[in-house]
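Summary of the model geometry
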Amino acid sequence: MGLRNYLLGFRNRDSGHGIENVVYFELLRRGYDVAIGKIENAEVDFIAATADDKIYIQVTESMLNEDVGKREIAPLHQR
């Protein structure tokens, strides 16, 4: 994030993408193979897998808006 801000200048309007990057790199650091995927027709931000484990992760900046909460959780209910 620091290098991005240095090269492109600080832009606060895309903090959601920054949070996704942090989650992605943390999953890699923990030894997961990480992919973007779908459950049926709904997009899941990350599918993280190891030989023994598979997890589905949705990332959002805020769940305060009820519509956003429903949208983010809906794919996980289809599993």
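Residues numbered from 1 in each chain as written. Predicted model: local features only at pLDDT ≥ 70, side-chain atom pairs only at ≥ 80, totals over all residues. Heavy atoms only, no water.

**Quick look at the overall build of the protein chain**
Counting its secondary structure elements, the protein chain contains three helices and three strands. Mapped from its N terminus to its C terminus, the protein chain presents α and β elements in the order α-α-β-β-β-α. Taking all 79 residues of the protein chain together, 23% fall into the buried category. Partitioning the contacts of the protein chain with sequence separation of at least 6, the portion at a separation of at least 24 is 25%. Working note: accessible area of the protein chain is about 6,100 Å², and carbon and sulfur atoms make up 53% of it. (Helix = DSSP H or I, 4+ residues; strand = E, 2+ residues; numbered from the N terminus. Buried < 20%, exposed > 50% of the residue type's maximum accessible area, 1.4 Å probe, protein only. Contact = heavy atoms within 4.5 Å. Areas by Shrake-Rupley, 256 points an atom, 1.4 Å probe, with all protein chains shown as cover.)

**Brief notes about the confidence of the model for the protein chain**
The pLDDT averaged across the protein chain works out to 81; a share of 86% of its residues lies at or above 70. Least confident of the elements in the protein chain is helix 1 (residues 2-8), whose mean pLDDT is 69; most confident is strand 3 (residues 54-57), at 91. (pLDDT = per-residue confidence, 0-100.)

**Concerning the packing of aromatic side chains**
For the coordinates displayed, the defined rule picks out two aromatic pairs. Consider the rings of Y24 and F25, whose centres lie 5.2 Å apart with planes at 75°: the pair is edge-to-face. Relative accessible area serves as the criterion here: at 29%, Y24 is assigned to the partly exposed category. Of the residues examined, F25 reaches a relative accessible area of 54% and is grouped as exposed. Chaining the aromatic ring pairs together yields one cluster made of Y24, F25 and F46. (Phe/Tyr/Trp six-rings, centres within 6.5 Å; stacked < 30°, edge-to-face > 60°.)

**A closer look at helix 2 (residues 15-29)**
Here helix 2 spans 21 Å end to end across 15 residues, near enough to the 21 Å set by a 1.5 Å rise per residue. Backbone geometry just downstream of helix 2 places G31 in the positive-phi region, at approximately 90°. (Expected span 1.5 Å × (residues − 1).)

**Observations concerning a nonpolar patch on the surface**
Together, Y6, L7 and L8 give the surface a local cluster of nonpolar side chains, amounting to about 410 Å² of exposed area. Note on placement: L8 falls in helix 1. L8 sits in the exposed class, given a relative accessible area of 52%. (Patch = residues over 30% accessible without salt bridge, like charges linked within 9 Å, V, L, I, M, F, W, Y side chains within 5 Å. Salt bridge = Lys/Arg side-chain N within 4 Å of Asp/Glu carboxyl O.)

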